[in-house]
Amino acid sequence: MIRASKSGYSREIKNKIDAKYDEEIAQQSLTWIQETINESMVNGELPAIDMNLDGSQQNVHKELKDGYILARLGHVLNEKIVPFNKLKGQTLVFKQMELIALFLEAVKSVGVKEMEVFQTVDLYEKQNLHQVILTIQALGRKASSLGLTGFGPKESAVNKREFSEEQLREGQSIISLQYGTNKGANQAGMNFGKNRSILD
């Protein structure tokens, strides 16, 4: 199926999305995918992945579009969602899109936020490859907590704090500076309306 090229406002939006795309980060993402899959292989049941690691949009689209590599990565993340019997190269469009969708389910299952996850058409129809790379980056940040080699900046950890009853009571007696201050407040010099004058 060939889509008509975008024009007008749609073209403008697509140009803005494309302008955000970073080839260097895309290259790092492809490298991380390849290394993660190859490090996690068991008993040589499947061949090692050997990808073209060029970060251009054309290459990222070519390498990931059929869903096979992403399905292999999804199997590493959650083999219940992407079982071994799904790890086959597919030629039918709906089967390729199914592999991408399975990968996305596996990504969500390990805690990547919905807002960081791309849509199948973003990749398959090359609508928003910037978002595809953002998803892989988000997954890379989460990887170390899954026992995998991480990629990109480390994800922040929860810093939960516990306060005693006494500390909570002390906090209630302090007036925050956000509320301002009432020190030195009076009505001196305030004048509303005209002064009342009594005439004889």
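Residues numbered from 1 in each chain as written. Predicted model: local features only at pLDDT ≥ 70, side-chain atom pairs only at ≥ 80, totals over all residues. Heavy atoms only, no water.

What follows is about the overall build of the chain. Scanning the chain for helices and strands turns up eight helices and zero strands. The helix and strand sequence of the chain, counted from the amino end, reads α-α-α-α-α-α-α-α. Out of the 200 residues belonging to the chain, those deemed buried represent 33%. Considering only residue pairs separated by 6 or more positions, the chain has 59% of its internal contacts joining residues 24 or more positions apart. Carbon and sulfur atoms make up 50% of the accessible area of the chain, which totals about 14,100 Å². (Helix = DSSP H or I, 4+ residues; strand = E, 2+ residues; numbered from the N terminus. Buried < 20%, exposed > 50% of the residue type's maximum accessible area, 1.4 Å probe, protein only. Contact = heavy atoms within 4.5 Å. Areas by Shrake-Rupley, 256 points an atom, 1.4 Å probe, with all protein chains shown as cover.)

So, on to the environment of G89. Take G89: it is sitting in the loop between α4 (68-77) and α5 (93-109). With a relative accessible area of 58%, G89 lands in the exposed category. For the pair G89 and Y68, spaced 21 residues apart in sequence, the C-alpha to C-alpha distance is 5.6 Å.

Running from N to C, helix α2 (residues 23-39) and helix α3 (residues 57-64) cross one another at 25 degrees; their axes reach a closest spacing of 10 Å. One finds that α2 runs roughly parallel with respect to α3. For α2 against α3, the interelement crossing comes out left-handed. Residues A26, L30 and I33 of α2 touch α3, and the partners they reach there are N59, V60 and L64. In terms of residue class, the contact of α2 with α3 is made up of five nonpolar, one polar and no charged. (Axes fitted to C-alpha atoms, helices over the stretch in contact; angles between N-to-C directions. Parallel < 35°, antiparallel > 145°, perpendicular 65-115°, else oblique. Left-handed = near helix turned anticlockwise from the far one by under 90°. Nonpolar A, V, L, I, M, F, W, Y, C, P; charged D, E, K, R; others polar.)

Along the chain, T135 turns up in helix α7 (residues 129-143). Taking the relative accessible area as the measure of exposure, T135 reaches 1% and is therefore buried. Counting along the chain gives 28 residues from T135 to V107, while the straight-line C-alpha distance between them is 8.5 Å. In this structure, T135 is in contact with V107, E116, V117 and F118, ignoring residues within four places of it in sequence.

This part covers α3. By the criterion of burial, α3 is predominantly enclosed, with six of the eight residues buried. Looking only at α3, the buried set comprises Q57, N59, V60, H61, E63 and L64.

Taken together, the side chains of D22, E23, E24 and D54 make up a negatively charged region of the molecular surface. Positionally, D22 belongs in the loop between α1 (8-20) and α2. (Patch = residues over 30% accessible without salt bridge, like charges linked within 9 Å, V, L, I, M, F, W, Y side chains within 5 Å. Salt bridge = Lys/Arg side-chain N within 4 Å of Asp/Glu carboxyl O. Lys, Arg positive; Asp, Glu negative; His and termini not counted. Charge placed at Lys NZ, Arg CZ, Asp CG, Glu CD.)

Let us now look at the side chain of Q34. Secondary-structure assignment places Q34 in helix α2. Classification of Q34 as buried rests on a relative accessible area of 14%. In this structure, Q34 is in contact with I49, D50, M51 and L53, ignoring residues within four places of it in sequence.

From the geometry alone we can't say anything about function, so treat these as descriptive.
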